[in-house]
Amino acid sequence: MTTTDRIDRVRLSSVLLPLATPISDAKVLTGRQRPMTEVAILFAEIDTADGLHGLGFAYSKRAGGRGQYAHAGEVAAELLGEDPSDIARLWEKLVWAGASVGRSGLSVQAIAALDIALWDLKAKRAGLPLAKLLGAYRDSVRCYNTSGGFLHAPLEEVLANAAAAVGRGIGGIKIKVGHPDARVDLARVKAVRDKLGEDVLLMVDANQQWDRPTAQRLGRALEEFALTWIEEPLDAYDHAGHAALAASLDTPIATGEMLTSVAEHAELIRVGAADIIQPDAPRIGGITPFLRLAALADHNRLQLAPHFAMEIHLHLAAAYPQEPWVEHFEWLEPLFNERLEIRDGRMLVPDRPGLGLTLSDRVPGWTADTCEFTS
């Protein structure tokens, strides 16, 4: 029997989550950005006439959080009275409600929080973890840690963080490169490889800071360390440059985190710019567009390693046909009551319905603004 529910309440919250330590990567050391001191979170909560509740979120680093919140507030009322199960149609409705500012970037990032809340709600209606609703291929996903390897951290701290992460059961370590002095990068990578040994998987992330000759030269120099991948060696939109590196280096090239639409990723895939694609569901508009992109990536036999937001991407990676990765960042953990379990190099999909998340009692203290829409 077909049942129809209706959305009768949407609540948005703008939350500023402070970071314990200012964060610097290559973009800071080269003067392009300032150290990051907080993450702006856009929470969306959707309630229905049947009493179901969905929770979703998007995020922004350094700038854009207030813009996401404002745009979400402009379009959220479009959901009132709608059947929450019609997610694809509702995504299109929200996008076109604000299409004059585009269908990528900040506008779809604002919509992402609402889209993810709808998927959380749908999985809860089915009584399933989101991964199971989507059709999981696995109950756990390989995981690697990034948060311990930033360039602001002294080498001894990076080494200690890497050893601790491996000790907690994390399967791989990624460290930041792109230092203005390439010798520093090579020394840090060598030290981490020596510390971890050959059995622990190691990745590096240049955060778009190399030009083509530098990326080619350092890519060759890094071959000896048997890296799992080199991430964002070039500008995120230099697809031709990434494609040339992917063709010339033995080490796989990973990129895609900074792209903000399926269309941008499709062009990256078309020219062969990545061996490993790294989409970010909140950045490209939510789970609905992520699934479209995942189908395209699988068709092209690409590996998948979604960027950040492990609380969402664990479920999406579990439903990807080829063995994927999920990125371990503990930054968002204070927002939630639940913790993700890691064992033997893998992150376990929780058995709780939906995303399996509830907001912690600390969130109100970080909340800058809220708004609510009711039918």
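Thresholds applied
- Residues numbered from 1 in each chain as written.
- Predicted model: local features only at pLDDT ≥ 70, side-chain atom pairs only at ≥ 80, totals over all residues.
- Heavy atoms only, no water.
- UniProt positions renumbered as here; feature names shortened; annotations may be inferred.
- Buried < 20%, exposed > 50% of the residue type's maximum accessible area, 1.4 Å probe, protein only.
- Helix = DSSP H or I, 4+ residues; strand = E, 2+ residues; numbered from the N terminus.
- Arc of directions from axis to C-beta.
- Contact = heavy atoms within 4.5 Å.
- Polar contact = N/O pair within 3.5 Å; in protein donor to acceptor, adjacent residues only side chain to side chain.
- Axes fitted to C-alpha atoms, helices over the stretch in contact; angles between N-to-C directions.
- Parallel < 35°, antiparallel > 145°, perpendicular 65-115°, else oblique.
- Left-handed = near helix turned anticlockwise from the far one by under 90°.
- Nonpolar A, V, L, I, M, F, W, Y, C, P; charged D, E, K, R; others polar.
- Pairing = 2+ DSSP bridges.

- As named in an unreviewed UniProt entry, the chain is L-talarate/galactarate dehydratase, taken from Actinomadura keratinilytica.
- Recorded in UniProt under Cofactor (unreviewed entry), the annotation for the chain is "Mg(2+)".

**With respect to helix H3 (residues 87–97)**
Logical step 1: Among all positions in H3, only Ile 87, Leu 90, Trp 91, Leu 94 and Val 95 are buried. What you see down the axis of H3 is that its buried residues fit within an arc of 135 degrees, all on one side.
Logical step 2: In this structure, the buried side of H3 is in contact with strand S1 (7–23), helix H2 (65–75), helix H4 (106–126) and helix H12 (287–299).

**A closer look at the environment of Ser 85**
Logical step 1: If you trace the backbone, Ser 85 turns up in the loop between H2 and H3.
Logical step 2: Residue class for Ser 85 comes out partly exposed when judged on its relative accessible area of 26%.
Logical step 3: Counting along the chain gives 240 residues from Ser 85 to Trp 325, while the straight-line C-alpha distance between them is 29 Å.
Logical step 4: When residues no more than four places from it in sequence are discounted, the contact partners of Ser 85 are Lys 122 and Arg 125.

**Regarding the side chain of His 315**
Logical step 1: As for its placement among the helices and strands, His 315 is situated in helix H13 (residues 310–318).
Logical step 2: A distance of 3.1 Å separates the side chain of His 315 from the backbone nitrogen of Ala 131, its partner in a polar contact.
Logical step 3: Looking at His 315, its side chain comes within polar contact range of the main-chain oxygen of Leu 355, at 3.3 Å.
Logical step 4: Other than its neighbours up to four places away in sequence, His 315 contacts Pro 129, Leu 130, Ala 131, Leu 134, Val 349, Pro 350, Gly 354 and Leu 355.

**Thoughts on the packing of H2 against H4**
The geometry of a pair of packed helices is captured by two quantities: the angle between their axes and the separation between those axes.
Logical step 1: Between H2 and H4, the shortest axis-to-axis distance is 8 Å and the interhelical angle comes to 65 degrees. Between H2 and H4, the crossing angle belongs to the class labelled roughly perpendicular. Between H2 and H4 lies a crossing whose hand is right-handed. Contacts from Gly 67, Gln 68, His 71, Ala 72 and Val 75 of H2 reach H4 at Leu 106, Ser 107, Gln 109, Ala 110, Ile 111 and Leu 114.
Logical step 2: By residue class, the composition of the contact of H2 with H4 is 6 nonpolar, 5 polar and no charged.

**Observations regarding the sheet that holds S1**
Logical step 1: With antiparallel pairing, the 4 strands of this open sheet are ordered in space as S3-S2-S1-S14. This sheet does not close on itself; its edge strands, each paired only once, are strand S3 (53–61) and strand S14 (367–374). Pairwise comparison of adjacent strand axes, ignoring direction, gives a mean angle of 20 degrees for this sheet.
Logical step 2: Sheet topology note: the strand S2 (residues 36–48)/S3 ladder contains 9 bridges and is antiparallel.

**Some points on the UniProt feature "domain: Mandelate racemase/muconate lactonizing enzyme C-terminal" (unreviewed entry) in the chain**
Logical step 1: On the UniProt side, "domain: Mandelate racemase/muconate lactonizing enzyme C-terminal" (unreviewed entry) is annotated at positions that read residues 155–252 here.
Logical step 2: Overall, residues 155–252 shows 50% helix and 13% strand. The separation of its end C-alpha atoms is 25 Å.

**Notes on the packing of helix H8 (residues 212–222) against helix H9 (residues 239–248)**
Logical step 1: Between H8 and H9, the shortest axis-to-axis distance is 11 Å and the interhelical angle comes to 20 degrees. Between H8 and H9, the interaxial angle falls into the category roughly parallel. Pair H8 / H9 crosses with right-handed handedness. Touching Arg 212, Ala 215 and Gln 216 of H8 are Ala 240, Gly 241, Leu 245 and Ser 248, all from H9.
Logical step 2: Its residues placed into classes, the contact of H8 with H9 shows 3 nonpolar, 3 polar and 1 charged.

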